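# Coordinate inspection notes
If you want the building blocks of each chain, they are given just below.
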Amino acid sequence: MCMEAEIDQVRGWLRNARSVVALTGAGISTESGIPDFRGPQGLWTKNPLAEKLSNIHYYMSDPQVRKASWRARLDHPVWTARPNAGHVALAELEKRGRLHALITQNIDELHQLAGNSPEKVVEVHGTMRKVVCMACGTERPMAEALHRVRTGEEDPACHVCGGILKSATVSFGQPLVSNVIERAFRVAAQADLFFAIGSSLRVYPIANAVQVAREAGARIVILNAEETPYDDTADAVIRDPIGRVLPQLLAY
Ligand SMILES: [Zn+2]
């Protein structure tokens, strides 16, 4: 089927859908200038040290790793990134009352900045716009911690208990938050139309949300530049740029 016909077909499904759920990955944010950590141009591929900074064991045990992490956070591309047409389209879908939930692997909060309400967004890997104390669990805005770094604290500690602060994200070596994952699977099972957008669908368990949605009877649409393990079982697969395709799908 040619891409135009495929887009037309998905538009029809969207028109008739009652409960749309989307799962988004790094691919939707690369168009906002945020690098994909795992892709061929990804930070970890180019700089293995960057991966060390994202590993919880190194982070907790080595102050030098923490200092390097804070320096890296200071000029992270997320702080200047803006939502792109793909994010805006998903916010529009919510405005129209069609979006049941938005599961995201991203930690940039660009969905919320585009206008999706926080209660619709299930952040399976957390957010880098907050910091959390690894000892007492206190959460504070990232901006506040970055201000402390900028004014000379190389490894700012928790003001409540003196514990180690870290971005409120799931680092490598850290367990996922089980109630967040459970919620992701629960909303996936409530979809009648499920979009997987900009995700390689190779990170588990969250990639299983596709299977959960399919078994519950949802149509599956995959929008991703590269192949995914779920392409064969999807009802439609679209490889065009997300920021171009999503607004087209909404012209129903
Ligand atoms: Zn604390």
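Everything in this summary refers to the structure shown in the same document. (Residues numbered from 1 in each chain as written. Predicted model: local features only at pLDDT ≥ 70, side-chain atom pairs only at ≥ 80, totals over all residues. Heavy atoms only, no water.)

## With respect to the overall build of the protein chain
On a plain count of helices and strands, the protein chain comes out with 12 helices and nine strands. At 19 Å, the protein chain has a C-alpha radius of gyration in line with the 18 Å of a compact globule built from 252 residues. Expressed as lengths along the three principal axes of its C-alpha atoms, the size of the protein chain is roughly 55 × 35 × 30 Å. The buried share of the protein chain, taken over its 252 residues, is 49%. For the protein chain, the share of sequence-separated contacts (at least 6 apart) that also reach a separation of at least 24 residues comes to 67%. Accessible surface for the protein chain amounts to roughly 11,800 Å². Of this, 51% is attributable to carbon and sulfur atoms. Across the protein chain, 28 positive and 28 negative side-chain charges occur, with their mean positions spaced 4 Å apart. (Helix = DSSP H or I, 4+ residues; strand = E, 2+ residues; numbered from the N terminus. Rg over C-alpha atoms; globule rule 2.2 N^0.38 Å. Buried < 20%, exposed > 50% of the residue type's maximum accessible area, 1.4 Å probe, protein only. Contact = heavy atoms within 4.5 Å. Areas by Shrake-Rupley, 256 points an atom, 1.4 Å probe, with all protein chains shown as cover. Lys, Arg positive; Asp, Glu negative; His and termini not counted. Charge placed at Lys NZ, Arg CZ, Asp CG, Glu CD.)

## Considering the pattern of salt bridges
Two side chains with opposite charge may pair up if their charged atoms get near one another. A complete count under the given rule lists seven salt bridges for this structure. Here R244 ties to D240 by a salt bridge, and the two come within 3.8 Å at their closest N and O atoms. You can call R244 partly exposed: its relative accessible area is 47%. (Salt bridge = Lys/Arg side-chain N within 4 Å of Asp/Glu carboxyl O.)

## Concerning the environment of S61
Structurally, S61 is set in helix α5 (residues 56–61). Assessed through its relative accessible area of 57%, S61 is described here as exposed. Through-space distance from the C-alpha of S61 to that of T151 is 24 Å; in sequence the pair is 90 residues apart.

## Quick notes on the sheet that holds strand β5 (residues 139–141)
In any sheet, the strands associate via hydrogen bonds between backbone groups, in a parallel or an antiparallel arrangement. The strand order across the open sheet formed by three strands is β5-β4-β6, and the pairing between neighbours is antiparallel. The open sheet has two edge strands with one neighbour each: β5 and β6 (165–169). Direction aside, the axes of adjacent strands within the sheet are offset by 45° on average. Note: strand β4 (residues 126–133) against β5, three bridges, orientation antiparallel. What sits directly across from V132, in β5, is E139. On the sheet, helix α9 (residues 142–150) packs against β4, β5 and β6 and is oriented at approximately 70° with respect to β5. (Pairing = 2+ DSSP bridges. Axes fitted to C-alpha atoms, helices over the stretch in contact; angles between N-to-C directions.)

## Quick notes on the coordination of the zinc ion
Coordination of the zinc ion by the protein is provided by C133 (SG), C136 (SG), C158 (SG) and C161 (SG), with metal-donor distances spanning 2.2 to 2.4 Å. Geometry at the zinc ion is tetrahedral, judged from its four donor atoms and the angles of 100 to 116° they form at the metal. Mapped onto the sequence, the residues coordinating the zinc ion show the spacing C-x2-C-x21-C-x2-C. We classify C136 as partly exposed; its relative accessible area is 36%. (Donors = N, O, S within 2.8 Å, 3.2 Å for Na, K, Ca; no water. Tetrahedral: all angles 85-135°; square planar, octahedral: opposite > 155°, others 65-115°.)

## Overview of the side chain of H87
Following the sequence through the fold, H87 ends up in helix α7 (residues 85–95). The buried category is assigned to H87, whose relative accessible area is 0%.

## Concerning the sheet that holds strand β7 (residues 193–197)
Ordered by their spatial adjacency, six strands build an open sheet running β3-β2-β1-β7-β8-β9, and the pairing between neighbours is parallel. Each of the sheet's edge strands pairs with one partner strand only, and the pair in question is β3 (121–123) and β9 (236–238). Between one strand axis and the next, the sheet turns through 15° on average, direction left out of account. The sheet contact formed by β7 and strand β8 (residues 219–223) spans five bridges and is parallel. In the sheet register, I197 faces β8, and the bridge partner there is L223. Sheet strands in contact with α7 are β1 (20–24), β2 (99–104) and β7, and its direction is about 150° off that of β2.

## Re the packing of helix α1 (residues 3–16) against helix α12 (residues 242–249)
The interhelical angle for the contact between α1 and α12, taken along N-to-C directions, is 50°, at an axis separation of 9 Å. The angle between α1 and α12 falls in the class oblique. Here α1 contributes I7, V10, R11 and L14 to the contact with α12, which in turn contributes V245, Q248 and L249. (Parallel < 35°, antiparallel > 145°, perpendicular 65-115°, else oblique.)

## Remarks on unusual backbone geometry
Put simply, Y204 and P205 share a cis peptide bond, and its omega is 10°. Looking at the secondary structure, you find P205 in the loop between β7 and α11 (208–215).

## Comments concerning the packing of aromatic side chains
This structure, assessed with the given rule, holds zero aromatic pairs. Above the face of the W70 ring, R73 is positioned so that its terminal group lies 4.3 Å from the ring centre. Above the ring of Y252, the side-chain terminus of R96 is found at 4.8 Å from the ring centroid. (Phe/Tyr/Trp six-rings, centres within 6.5 Å; stacked < 30°, edge-to-face > 60°. Lys NZ or Arg CZ within 6 Å of the ring centre and 35° of its normal.)

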